[in-house]
Amino acid sequence: MNLRHSLLAALVAVLWGLNFVAIDFGLHANGREVPPLLFVAMRFVLVVFPWIFFIRKPDISWKAIIGVGLFMSAGQFGLLYLAMALGMPAGLASLVLQAQVLLTVLLAAGFLGERPSRRQLAGVVLGVAGLAVVAVGRSAVAPLLPLIIVLGAALSWAAGNVIARQAKAASGLGLVVWSGAVVPLPLAALSLLVDGPDAVLGTLADLQPATILSALYTAIFASLVGYGIWNRLLASYPSSAVVPFTLLVPVVGMSAAWLALGEVPTLAELAGGLLLLGGVATAVLTVRAAPRQRRDAVLVPGLGAGLRTGDSDDGGRLAAAAGSRAGAREPDAP
């Protein structure tokens with residue numbers, strides 16, 4: 001990529017990394033706890049409206065749109081916000097959520113028949129070892145439940161990646177917006193059931209500025225701007241040139257959480273995080289292959305993306321899989 005586009009890719013990583021700190025600020029605004037499922041519903045109201053009136057529905061089935069919405073958006077972010085409300089540090093959440101890359105490899109092998117390479121399998125093993133180290137280190141200082149819930153969020157994101165990969169929507173941004181419409185009503189209803197009408201109505205009646213700003217940041221900058229840039233880059237370059245920039249997301253997330261929230265990771269968390277990122281890098285970074293091999297379909301998952309090497313001409317079509325955390329994939333990113 002040229003310098004300008006490399007800087008744009010790095011900007012997306014920064015936007016997605018800061019997303020976790022923004023979520024933390026919004027959940028704990030002025031000492032008041034915002035119901036996490038309600039907060040996700042608020043975020044996706046801003047993702048969907050008014051944009052759904054101006055962005056065309058992706059040319060895929062409603063089943064695929066609903067599946068992406070349930071797994072990549074509602075499942076991923078519902079579990080992520082819940083874990084952070086239960087005490088999962090923002091920086092560590094940005095790291096553990098990267099397990100979705102490794103889980104996407106495994107799910108795509110099982111459901112799409114896309115056989116992972118030896119390099120990708122080695123990355124999965126290395127990443128699992130890193131997660132085990134993080135879990136052991138985390139268990140020494142805090143309950144494991146929030147970490148397990150974030151792993152559930154990563155699994156949900158990976159499932160959404162596989163559905164989006166199979167659907168192959170032409171517009172990644174369109175998939176973000178239209179699949180996001182699945183989120184607000186179910187999660188608001190769950191929040192009413194779990195948190196109670198008094199908590200939900202009380203939060204809505206007394207929204208704190210930090211909560212409003214957090215919702216705006218996560219919806220506009222992390223979801224719409226972030227994925228808008230990301231999908232354009234994937235439409236212009238091979239995924240192997242773009243996806244490695246997602247390795248910067250946990251670096252930004254953990255650094256921002258350290259500076260803004262005073263979250264200092266333990267040595268075990270740092271060591272496990274390096275192993276996890278090493279596994280992700282092994283699975284994502286590609287080596288130039290022979291022409292015959294480049295024509296083969298090989299899954300190269302990125303942040304909310306299930307992409308194939310050698311598909312640069314179809315980058316816009318395959319970029320649909322990048323439509324989430326928020327995330328962005330959420331993922332999808334966040």
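What you see is a predicted model, and the numbers here were worked out from it, not measured in a lab. (Residues numbered from 1 in each chain as written. Predicted model: local features only at pLDDT ≥ 70, side-chain atom pairs only at ≥ 80, totals over all residues. Heavy atoms only, no water.)

This part takes up the overall build of the protein. Counting its secondary structure elements, the protein contains 16 helices and four strands. Expressed as a percentage of its 334 residues, the buried residues of the protein come to 56%. On the protein, roughly 13700 Å² of surface is accessible, and the fraction owed to carbon and sulfur atoms is 69%. (Helix = DSSP H or I, 4+ residues; strand = E, 2+ residues; numbered from the N terminus. Buried < 20%, exposed > 50% of the residue type's maximum accessible area, 1.4 Å probe, protein only. Areas by Shrake-Rupley, 256 points an atom, 1.4 Å probe, with all protein chains shown as cover.)

A separate point is a nonpolar patch on the surface. There is a patch of nonpolar side chains on the surface, built from I212, L213, L216, I220, F221 and V225 and spanning about 470 Å² of accessible area. Position of V225 among the secondary structure elements: in helix α11 (residues 209–236). Residue V225 is classed as partly exposed on the basis of its relative accessible area of 32%. (Patch = residues over 30% accessible without salt bridge, like charges linked within 9 Å, V, L, I, M, F, W, Y side chains within 5 Å. Salt bridge = Lys/Arg side-chain N within 4 Å of Asp/Glu carboxyl O.)

Our next topic: the confidence of the model for the protein. Of the residues in the protein, 84% reach a pLDDT of 70 or more, and the chain-wide mean stands at 84. Segment residues 289–333 is flagged for pLDDT under 50; beyond a separation of four residues in sequence, or across chains, it makes 184 contacts in the model. (pLDDT = per-residue confidence, 0-100. Contact = heavy atoms within 4.5 Å.)

Scanning all chains against the criterion turns up three salt bridges. Here R32 ties to D206 by a salt bridge, and the two come within 1.8 Å at their closest N and O atoms. Taken together, the residues span a long stretch of sequence, with R32 in strand β2 (residues 32–33) and D206 in the loop between α10 (197–205) and α11 at a distance of 174 residues. Given the relative accessible area of 42%, R32 is considered partly exposed. In this structure D206 comes out as partly exposed when scored by relative accessible area, which is 38%. Among the salt bridges present, the one from E114 reaches R165, with a minimum N-O distance of 3.0 Å.

Counting residues in hydrophobic clusters, the biggest one holds 83 residues, and the most contacted among them are L80, Y81, M84, M88, V96 and L97. If you look at the next biggest cluster of nonpolar residues, it comprises five residues, including A108, A158, A159 and V162. (Core = buried A, V, L, I, M, F, W, Y, C linked by side-chain atoms within 4.5 Å.)

With that settled, consider the side chain of T211. Structurally, T211 is set in helix α11. Of the polar contacts made by the side chain of T211, one reaches the backbone oxygen of G26; its length is 3.1 Å. The contacts of T211, once residues within four sequence positions are left out, are G26, A29, V34, F39 and M42. (Polar contact = N/O pair within 3.5 Å; in protein donor to acceptor, adjacent residues only side chain to side chain.)

It is worth spelling out the layout of surface pockets at this point. Taken as a whole, the second largest pocket holds about 160 Å³ of empty space. The wall of the second largest pocket is formed by L95, P250, V251, M254, S255, W258, P265, E269, L270, G273, L274 and L277. For the lining of the second largest pocket, the secondary structure elements donating two or more residues are α13 (248–261) and α14 (267–284). Taken together, the residues of the lining of the second largest pocket break down into nine nonpolar, two polar and one charged. (1 Å grid on protein atoms, 1.4 Å probe; cavity = no way out; pocket = protein on both sides within 12 Å on 5 of 7 lines; lining within 4 Å. Points joined across faces, edges and corners; volume = space filled by probe spheres on them. Nonpolar A, V, L, I, M, F, W, Y, C, P; charged D, E, K, R; others polar.)

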